[in-house]
Structure formats: C-alpha cells, structure tokens
Amino acid sequence: MQRKISLYNLLLSKWSSTFGSFLQATALPLVIFNITGSSTLLSWTFFAETLPWLILGPFITNILVMRTSSKNLYMVCNFSKGICTFMLAVWIDTSFLIVSLFFVLGIFNAVGASVYSALLRDNSNVDNLDKILGLSLGIDDVVSIAAPICVTFMIGKGFDGIIFLYVNGGILIATVLLCLKIHSKGVEARRDTLEIKEALKEIACNYTFLKSSHIGYLVLS
C-alpha cells in the first residue's frame, strides 16, 4: 500500500510539473516579446535552457546521486525550479537575468529528469515498469495538449500571460509536498567516502565513453 501511495505521488508530481512547464512554455514567447520586443532573446533562452542537458544531464547527476538520496535531490530540483520561475516572472524585463535563470533552470531540469527515472524504478516492480512508464509518457502527451489550450483560452479572455509563470512556480513548490511521501533507496555508505578526484575521474571517463560510442548521437539528439 505504501509503495502504491509513493508511486502515485511521484507520478502526480511529474504530471503537475509537466502541466506547469507547458503552461509557461506556451505563454513565455508572448510575455517576452510583449515586454522586451525581442524575438532573439527567446532563442537565447531556449539555448541557455538546453545547454545543461548536454553538459550535466548524463554525467554529473550520477555523482550527485552518490552523495544524496534521489528523493531529496528531486525535491531540491522542484523547489529550486519554483523559486527560479518566480524570479523569472518578477525580473522578466531584464534580458541578461532571463538568460541566466534559464541556464539555471536547465541545470535543475536535467538533474530532475534523471532523478525522476531513478525514482520511478525504485517505486516500480520489474514486471510493471514498462506499463507505468508508458502511462507516465501517455499522460505527459495529454498534458502537453491540454496546457496550451488552457493558455490560449485564458489569454483570449484577456488574462495576462505572466500569470502562467506564477502558476508554474506555485505548482513546482506544491510538488515538494507530494514528494514527502515518495520512497527512495538510501545512499550507500561507501559512496559517501568517494574523493573529489575519483568523481572527476568518473566524469572524464563518461565523456570519453560518449566520444567513443554511438550513445553520443542519442545524447545529442
């Protein structure tokens, strides 16, 4: 029973944050262009948010998980994304700060996505992992359609697009409460004693593996 509650909370936190992110992604181009008048700035924000996925996502996350539980890391990522989103809504008229915040958001998004996969594995049985993963991705697709419809309808009714940034920030903060009852495996004691030099060596090995195998294409795509 506890395992089911943990799984439901994990999935609900993921779907909620995905809904909020699509609300923001739909409204953000309108907000940025209306306030700054710059279409180039929007391209820079997308680039800044994507860059950490290539640098941090496949590699640094493993090092972080060695030093803290997946649950705690997932909660920190969601809370930090919520704070950054509120900051983004407040300082939306400052171009440099916008790009910087999106780079930081990209870091937490990259780490959070990897940690979510680990938590999903911890809260599922081997036999039903494929079904749960399919359900998770299926709801993501539904949310990706529903969120833009909501934004379009609300803006058509005269609502300011900036409100969706605040909504996304609130959703992200709220998901932290859902995460409190999520089960995750503890950190192994031997991993706590890893030296910084060993961690850096592992990162270097990961990049070497990326260059010498076909996985590089998958990561880049």
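S.K.: I would appreciate a short explanation of the packing of helix 5 (residues 95-122) against helix 6 (residues 129-156) in the present structure.
M.R.: Describing two packed helices takes the angle between their axes plus the distance from one axis to the other. The geometry of helix 5 relative to helix 6 is characterised by a closest axis approach of 10 Å and an angle of 135° between their N-to-C directions. Looking at the two axes, helix 5 sits oblique to helix 6. In the packing of helix 5 onto helix 6, the handedness of the crossing is right-handed. Across from Y116, L120 and R121 in helix 5, the residues of helix 6 making contact are L129, I132, L133 and S136.

S.K.: Any chance you could explain a nonpolar patch on the surface here in plain terms?
M.R.: Taken together, the side chains of V90, W91 and Y166 make up a nonpolar region of the molecular surface, amounting to roughly 290 Å² of accessible area. Residue position: W91 is located in the loop between helix 4 (70-90) and helix 5. For W91, a relative accessible area of 39% translates into the label partly exposed.

S.K.: Hey, could you run me through the layout of surface pockets in this one?
M.R.: If you roll a probe as big as a water molecule over the atoms, it shows you where there is empty space left. If you add up the space inside the largest pocket, you get close to 740 Å³. Lining the largest pocket are 25 residues, with S21, E49, W53, K81 and N109 sitting closest to its centre. If you list the elements that add at least two residues to the lining of the largest pocket, you get helix 1 (2-36), helix 2 (40-55), helix 4, helix 5 and helix 7 (163-179). If you tally residues by element for the lining of the largest pocket, the top one is helix 1, at 8 residues. Class assignment for the residues of the lining of the largest pocket results in 11 nonpolar, 11 polar and 3 charged.

S.K.: Even after reading the chapter, I still don't get helix 7, so can you show me in this structure?
M.R.: Note that an α-helix has 3.6 residues per turn; residues three or four places apart therefore point the same way. Its 17 residues give helix 7 an end-to-end C-alpha distance of 25 Å, which sits within 8% of 24 Å, the value for a rise of 1.5 Å per residue. Those residues of helix 7 lying buried are F164, L165, N168, G169, I171, L172, T175, V176 and C179. For helix 7, the arc enclosing every buried residue in end-on projection is 160°, short of the 170-degree limit, so these residues lie on one face.

S.K.: For this particular structure, what's the right way to read the nonpolar core?
M.R.: It is characteristic of soluble globular proteins that their nonpolar side chains tend to be buried jointly. L10, L11, Y74, V115, Y116, L119 and L120 are the most contacted members of the largest nonpolar core, which totals 17 residues. Of all the elements in the fold, those that place two or more residues in this core are helix 1, helix 4, helix 5 and helix 7. When near neighbours in sequence (up to four residues on either side) are disregarded, L120 contacts L7, L10, L11, L129, I132 and L133. Listed in part, the 16 residues of the second largest apolar core include C84, A89, L101 and L165.

S.K.: I tried to follow the packing of aromatic side chains on my own but got confused; where do I start?
M.R.: Two numbers describe a pair of aromatic rings. These are the distance of the centres and the angle of the planes. Enumeration over the complete set of coordinates arrives at 3 aromatic pairs. Where Y74 meets Y116, the ring centres are 6.3 Å apart and the plane angle is 35°; that geometry is what we call tilted. Residue Y74 is found in helix 4, and its partner Y116 is found in helix 5; the two are separated by 42 residues along the sequence. Ring centres of F86 and Y166 lie 6.2 Å apart, and the angle between their planes is 40°; this geometry places the pair in the tilted category.

Rules and cut-offs
- Residues numbered from 1 in each chain as written.
- Predicted model: local features only at pLDDT ≥ 70, side-chain atom pairs only at ≥ 80, totals over all residues.
- Heavy atoms only, no water.
- Axes fitted to C-alpha atoms, helices over the stretch in contact; angles between N-to-C directions.
- Helix = DSSP H or I, 4+ residues; strand = E, 2+ residues; numbered from the N terminus.
- Parallel < 35°, antiparallel > 145°, perpendicular 65-115°, else oblique.
- Left-handed = near helix turned anticlockwise from the far one by under 90°.
- Contact = heavy atoms within 4.5 Å.
- Patch = residues over 30% accessible without salt bridge, like charges linked within 9 Å, V, L, I, M, F, W, Y side chains within 5 Å.
- Areas by Shrake-Rupley, 256 points an atom, 1.4 Å probe, with all protein chains shown as cover.
- Salt bridge = Lys/Arg side-chain N within 4 Å of Asp/Glu carboxyl O.
- Buried < 20%, exposed > 50% of the residue type's maximum accessible area, 1.4 Å probe, protein only.
- 1 Å grid on protein atoms, 1.4 Å probe; cavity = no way out; pocket = protein on both sides within 12 Å on 5 of 7 lines; lining within 4 Å.
- Points joined across faces, edges and corners; volume = space filled by probe spheres on them.
- Nonpolar A, V, L, I, M, F, W, Y, C, P; charged D, E, K, R; others polar.
- Expected span 1.5 Å × (residues − 1).
- Arc of directions from axis to C-beta.
- Core = buried A, V, L, I, M, F, W, Y, C linked by side-chain atoms within 4.5 Å.
- Phe/Tyr/Trp six-rings, centres within 6.5 Å; stacked < 30°, edge-to-face > 60°.

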